[in-house]
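Each chain, letter by letter, is given below.
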Amino acid sequence: MTSLELRQINKNYGAYHALRGIDLSVAQGEFIVMVGPSGCGKSTLLKSIAGLEEISSGQILINGRDVSKQEPGDRGIAMVFQSYALYPHMTVAENMGFGLRMAKRPKAEIEAAVARAAKILRITDQLEKRPKQLSGGQRQRVAIGRAITRSPDVFLFDEPLSNLDAALRTQMRVELSSLHAELGATMVYVTHDQVEAMTMASRIVVLNQGVIEQVGAPLELYRNPDNLFVAGFLGAPRMNFLGVTVDEVSGRNITVSAPGLVPVTVELAEAAVLPKGASLTLGVRPENISVVADAAQGGAINGAVRLVEHLGRETILYIDAGNLRTIASESGTGNITVQLSYVAPFATDQNVALKLDASELYLFSSDDGRTISTRKTILER
Ligand SMILES: Nc1ncnc2c1ncn2[C@@H]1O[C@H](COP(=O)(O)OP(=O)(O)O)[C@@H](O)[C@H]1O
Ligand SMILES: [Mg+2]
């Protein structure tokens, strides 16, 4: 059953077009995670669903009901913000029961709802405290508890964990996933945290400049990005992009090269029509590059180690690959990021030969960034 449906949502702030033709259908019980760069419209979309912002055009349906013109309190949603927005003069129990008190529900019902939410969130022993007597994690639990007591049809979360320290964030992430499983509720969750997106989502929505770039299961988006933007946005450290030209096309096999890159053949799932000499963007994730002894193999690159990050379980190498033309790199032209799943004994300035794993390469149009040929390139191997 469809729980939340967005139809052609547009939102203008004066001349600024913050949301452009957003279409999304969310099934009952789904956990939708929305990601995208700062300012792309994530909060605007959540606030529009909640009714805190009026949309310029389009329709919002909750359980089949058009709520576009309804007041926030009548929409059957509850929203949890990054800032907990608790009332400082009220106790935890009063904060959690606030929505139900406003709705003039009977006292016994409010008490039961608060007790149930407190039990789920394990803050039963905190109910008589005031927010300032609580830790950040406990305060965010109260804010979530306030949402639960209202038994909404749809929960909206706007970066709810970003004020917490790393350890607490991990703990709350696991708890929120269990909470979702327990309540079976529909949730739309905004985050800038890659791990939260990959681990919590039934489906991820990638938003960019007010437009949905792609929607899909986390691993589907990771392995089968529709375009360069999605490929570059999901994954940390991010995918490397190299400017290459087509040397040869033979059916499904495309051989590309670049100054500084030994020609490499990429096998696509379907034949692509590309002229010899065409410019493309080659994408390779840091985990699909290895350090090799022989720099002459297909897909090899020579470079010098500029920085080594030892993370214990893995090693990140930042390589200066000279004249190699890298695109949209976080660290500038000629820089390749390599992620090795072992403790690698490399030193700064050391020369290394790299090899790209030909079975894990992506090709994008250099005009519009779309993935070349097919989305199935990697998944169907
Ligand atoms: N009340 C407002 N008035 C004018 N512009 C706004 C308003 N709220 C948000 N915007 C603009 O809309 C865009 C999207 O903002 P927002 O939804 O907060 O982004 P995100 O949450 O993805 O970081 C930004 O460019 C922001 O400056
Ligand atoms: Mg925001």
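Sequence positions are assigned chain by chain, starting from 1 and proceeding in written order. Here chains are named by letter from A upward and ligands by number from 1 upward, in the order in which they appear as written. Owing to the predicted nature of the model, reporting of local features is limited to residues with pLDDT of at least 70; listing and counting of side-chain atom pairs is limited to 80 or more, with chain, interface and lining totals taken over all residues. Hydrogens and water are ignored here; the side-chain numbers use all heavy atoms of the structure.

Caption draft 1: Looking closely at unusual backbone geometry. Look at the link from Ala236 to Pro237: it is a cis peptide, with omega at -5°. Following the sequence through the fold, Pro237 ends up in the loop between α8 (228–233) and β11 (240–250). In this structure, Gln8 takes a positive phi of about 45° despite not being glycine. The way it works is that DSSP assigns letters per residue, a run of H or I at least four long becomes a helix, a run of E at least two long becomes a strand, and they are numbered from the N terminus. Among the secondary structure elements, Gln8 is positioned in strand β1 (residues 2–13). On the basis of relative accessible area, Gln8 is assigned to the partly exposed category, the value being 41%. Phi is positive for Glu159, close to 45°, though the residue is something other than glycine. If you trace the backbone, Glu159 turns up in the loop between β7 (154–158) and α5 (166–183). Exposed residues in this analysis have more than 50% of their type's maximum accessible area, buried residues have under 20%, and partly exposed residues fall in between, with area computed by a 1.4 Å probe over protein chains only.

Caption draft 2: Layout of the site of ligand 1. Whether a residue is near a molecule or strand depends on its heavy atoms: it is near if one of them lies within 4 Å of it. Taken together, Tyr13, Tyr16, Ala18, Pro37, Ser38, Gly39, Cys40, Gly41, Lys42, Ser43 and Thr44 are the residues near ligand 1. N or O atoms closer than or at 3.5 Å make up a polar contact, with two conditions inside protein: a donor-capable atom paired with an acceptor-capable one, and, for residues adjacent in sequence, both atoms drawn from side chains. In the model, an oxygen atom of ligand 1 is placed 2.7 Å from a nitrogen or oxygen of the Gly39 main chain. Cys40 places a main-chain nitrogen or oxygen 3.2 Å from an oxygen atom of ligand 1. Element by element, the count of residues in the shell around ligand 1 is highest for helix α1 (residues 42–50), at three residues.

Caption draft 3: Inspection of helix α3 (residues 107–121) at higher detail. Expected span of a helix, by definition, is 1.5 Å for each gap between consecutive residues, and there is one gap fewer than residues. Helix length check: α3, at 15 residues, gives a terminal C-alpha distance of 21 Å against a target of 21 Å (1.5 Å per residue), a fit within 8%. Residues of α3 that are buried include every one of Ile110, Ala113, Val114, Ala117, Ala118 and Leu121, and no others. Down the axis of α3, the buried side of the element spans an arc of 130°, and every buried residue falls inside it. Opposite its buried face, α3 presents the exposed residues Ala108 and Lys119, each directed more than 90 degrees away. Contacts made by the buried residues of α3 are with α2 (92–102) and α4 (136–149). Positive backbone phi, at 55°, marks Arg122, one or two positions downstream of α3. This arc is built from the directions going out from the helix axis to the C-beta atoms. Every residue pair with non-hydrogen atoms within 4.5 Å of one another is taken to be in contact.

Caption draft 4: Broad picture of the domain arrangement of the protein. Domain assignment breaks the protein into domain 1 (2–233) and domain 2 (240–372). Domain extents, as shown, originate in an automatic or database domain assignment. One C-alpha centre belongs to domain 1, the other to domain 2; they are set 38 Å apart. If you look at the interface, domain 1 gives eight residues, while domain 2 gives ten residues. A quick way to say it: buried area is the sum, across both parts, of accessible area lost when two parts are put together, with a 1.4 Å probe. In total, domain 1 and domain 2 occlude about 910 Å² of area from one another, counting both sides; carbon and sulfur atoms represent 48% of this. Among the residues domain 1 hides against domain 2, the three largest losses belong to Tyr222, Arg223 and Leu228. Together they make up 56% of the total. In the sections that follow, a salt bridge refers to a side-chain nitrogen of Lys or Arg positioned within 4 Å of a carboxyl oxygen of Asp or Glu. In this structure, the salt-bridge partner of Arg223 is Glu360, at a minimum N-O distance of 3.3 Å. Listed by contribution, the elements that provide at least two residues to the side of domain 1 that touches domain 2 are α7 (218–223) and α8. Here the side of domain 1 that touches domain 2 takes three residues from α8, the largest share from any one element.

Caption draft 5: Examining the sheet that holds β1 more closely. Any two strands with at least two DSSP bridges between them are considered paired. The strand order across the open sheet formed by four strands is β2-β1-β4-β5, and the pairing between neighbours is antiparallel. One side of each edge strand has no neighbouring strand; the edge strands of this open sheet are β2 (16–27) and β5 (65–66). Where β1 meets β2, eight bridges bridge the pair, whose relative direction is antiparallel. Paired with Lys11 across the two strands is Leu19, which belongs to β2.

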